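Residue-level listing of the chains:
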Amino acid sequence: MLLLLNFGGLFGQNMTPAIIVSVETMLERWKGQEGKEIEVYNEFRLLTSEVISRTAFGSNYLEGEKIFAMLNKLTILVSRNISKTKIPFINKLWKSVEMLESEKLEKGIQDYVMEMIKKREDKVVSGEADSFGNDFLGLLVNAYNDLDDKNRVSLEDLVGECKTIYFAGQETVNSLLAWIVLHLAIHGDWQEKARREVIDIFGNQNPHLQGIAKLKIMTMIINETLRLYGPSNGLPRTVAREVQLGKLLLPANIDILPLNIGLHRDPHLWGDDVHLFKPERFAEGIAKATNYTAAAFFPFGLGPRSCVGMTLATIETKIALSMILQRYTITISPAYVHSPIPILTIRPRHGIQIILEPLHSC
Ligand code: HEM
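Worth saying up front: this structure is predicted, and the values here are computed from it rather than measured. (Residues numbered from 1 in each chain as written. Predicted model: local features only at pLDDT ≥ 70, side-chain atom pairs only at ≥ 80, totals over all residues. Heavy atoms only, no water.)

## Details of the sheet that holds strand β6 (residues 328–332)
As a reminder of what qualifies: We treat two strands as partners when DSSP finds at least two bridges between them. Helix and strand assignments follow DSSP, with helices taken as H or I runs no shorter than four residues and strands as E runs no shorter than two, numbered in order from the N terminus. Angular values range over 0 to 180 degrees, each being the angle between N-to-C directions of two axes fitted as lines to C-alpha atoms, with helices fitted over their stretch in contact. Every residue pair with non-hydrogen atoms within 4.5 Å of one another is taken to be in contact.
Ordered in space as β1-β9-β6, the 3 strands form an open sheet in which the pairing is antiparallel. Looking at which strands have only one partner, the edges of the open sheet turn out to be β1 (37–39) and β6. Neighbour-to-neighbour, the strand axes of this sheet turn through a mean angle of 40°, independent of strand direction. With 3 bridges connecting them, β1 and strand β9 (residues 353–358) associate as antiparallel partners. Within the sheet, the bridge partner assigned to I38 lies in β9 and is I354. Contacts from helix α8 (residues 155–186) reach β6 and β9, with the element oriented near 85° to β6.

Have a look at this one:
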């Protein structure tokens with residue numbers, strides 16, 4: 001959809017200050033928790049919800065809390081039912097409890113989005129604002145109110161776009177940050193290298209875009225985590241017409257789920273140590289690490305439908321990690337139990353428990 005493609009362009013308006021404010025809110029919560037166990041998957045859920053609320057919808061997490069809760073429930077239901085056969089005629093007459101629950105959630109999300117749109121429209125009508133805004137939501141409300149039928153966006157599309165951005169903007173970075181912190185907690189040498197780089201570039205100051213572009217060690221750590229625990233483990237596609245795919249003849253109108261996680265863990269592409277966390281693979285960039293095979297590593301997808309939020313995701317991850325590493329050393333708690341589970345992204349089933357110690361008295 002064209003509007004989503006525009007979202008990447010919105011990033012030009014520099015979202016760094018909004019991300020920093022959100023990370024500071026999280027770090028404020030962590031004060032007084034030094035030496036105690038913290039469950040970071042949930043902490044990063046709050047952080048990434050706050051970032052996407054601020055950057056795309058001009059609100060904060062508390063205002064979006066209801067929609068995140070509904071989307072989370074919907075994600076679990078969709079993920080549980082993704083491979084179940086759907087029979088359109090039968091499903092018109094009979095619906096399972098989960099189908100009814102999904103429909104209720106869809107309706108709740110639609111009502112919530114409508115409320116957000118109305119608030120923006122009311123502000124323009126009352127003269128409190130002279131435009132619908134220039135963030136993602138503003139762009140959508142503009143398109144929804146377009147006088148030209150050809151350009152106008154339907155309510156259904158608008159709600160769909162909001163759902164995508166809320167989900168894609170939150171869940172993915174949430175999971176990436178949590179898996180990176182786990183790896184840094186286990187691999188103290190990489191944690192120390194990353195911290196040294198952060199201090200060399202930013203000292204004790206907040207991260208800035210110019211310095212973020214120089215974070216080479218951190219980029220290697222992010223890529224290696226994306227390879228092993230990338231939030232997107234498969235790219236669902238519908239086969240539009242019969243096609244020969246290698247030895248497979250795929251008939252039209254079937255749904256397939258090519259698993260990029262399979263390629264990311266293929267020993268033929270990555271070597272016998274494929275399952276080990278070794279950021280040094282990426283020391284000379286992605287092209288060298290993959291031996292110039294573009295399809296060996298595509299955590300953000302490939303081609304025209306690839307991720308429009310890649311820049312935001314990368315910058316958000318780098319800012320959050322830099323600000324944590326500037327303040328704390330991270331160790332893993334004895335309570336942690338490793339159990340990754342695919343619920344659209346790869347989540348830690350029991351969370352990720354870590355212990356933070358301050359680097360200097362804050
Ligand atoms: C580590 C973080 C992220 C990863 C690994 C990731 C991965 C992906 C992948 C693999 C796709 C392609 C899906 C497909 O081809 O079926 C995709 C699409 C998309 N992503 Fe992300 N994403 C991330 C973060 C974000 C963020 C922060 C946003 C928004 C702010 C976002 C918005 C989108 C949107 C809107 C699409 C759909 C694009 C389209 O259909 O044309 N993503 N993402």
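Next comes the rest of the write-up.
## Considering the nonpolar core
To keep things clear, this is the line we draw: The nonpolar core is taken to be a set of buried Ala, Val, Leu, Ile, Met, Phe, Trp, Tyr and Cys residues, with the residues joined through side-chain atoms within 4.5 Å. When a residue's accessible area, from a 1.4 Å probe over protein chains only, is under 20% of the maximum for its type it is buried; when over 50% it is exposed; and in between it is partly exposed.
One finds V23, W30, F44, F57 and Y166 to be the most contacted residues of the largest nonpolar core, which totals 86 residues. The greatest single-element share of this core, amounting to 15 residues, is contributed by α8. Discounting residues that sit within four places of it in the chain, W30 has contacts with I38, V40, E43, F44, I324, Y328 and L356.

## Digging into the state of the cysteines
Here, the word disulfide means a covalent bond between the sulfur atoms of two cysteines. What counts is decided by this rule: Here, the term disulfide refers to a pair of cysteine sulfur atoms separated by no more than 2.5 Å.
The tally for this structure, following the rule as stated, stands at 0 disulfides. Counting only cysteine sulfurs, C307 is the nearest neighbor of C162, a cysteine outside any disulfide, at a range of 17 Å.

## Notes on the packing of aromatic side chains
Selection criterion: Pairing of aromatic rings covers Phe, Tyr and Trp, the last counted by its six-membered ring, and requires centre-to-centre distances within 6.5 Å; plane angles under 30 degrees mean stacked, over 60 mean edge-to-face, and any other angle means tilted. By the criterion adopted, a ring carries a charge over it if an Arg CZ or a Lys NZ lies within 6 Å of its centre and within 35 degrees of its normal.
Tallying each qualifying case throughout the model produces 8 aromatic pairs. With 6.0 Å between their ring centres and 90° between their planes, F57 and F136 make a pair best called edge-to-face. Within this pair, whereas F57 is found in helix α3 (residues 40–57), its partner F136 is found in helix α7 (residues 136–144), the two being separated by 79 residues in sequence. Just as F57 is buried, F136 falls in that class too. With 6.0 Å between their ring centres and 45° between their planes, W270 and F282 make a pair best called tilted. Note that W270 is positioned in helix α13 (residues 267–270) and F282 in the loop between α13 and α14 (285–289), a separation of 12 residues in sequence. Its relative accessible area of 7% is what places W270 among the buried residues. Three or more aromatic residues joined by ring pairs make a cluster, and in this case those are W30, F44 and Y328. Above the ring of W190, the side-chain terminus of K193 is found at 3.9 Å from the ring centroid. One Lys or Arg, R265, reaches over the ring of Y229 and ends 5.4 Å from the middle of that ring.

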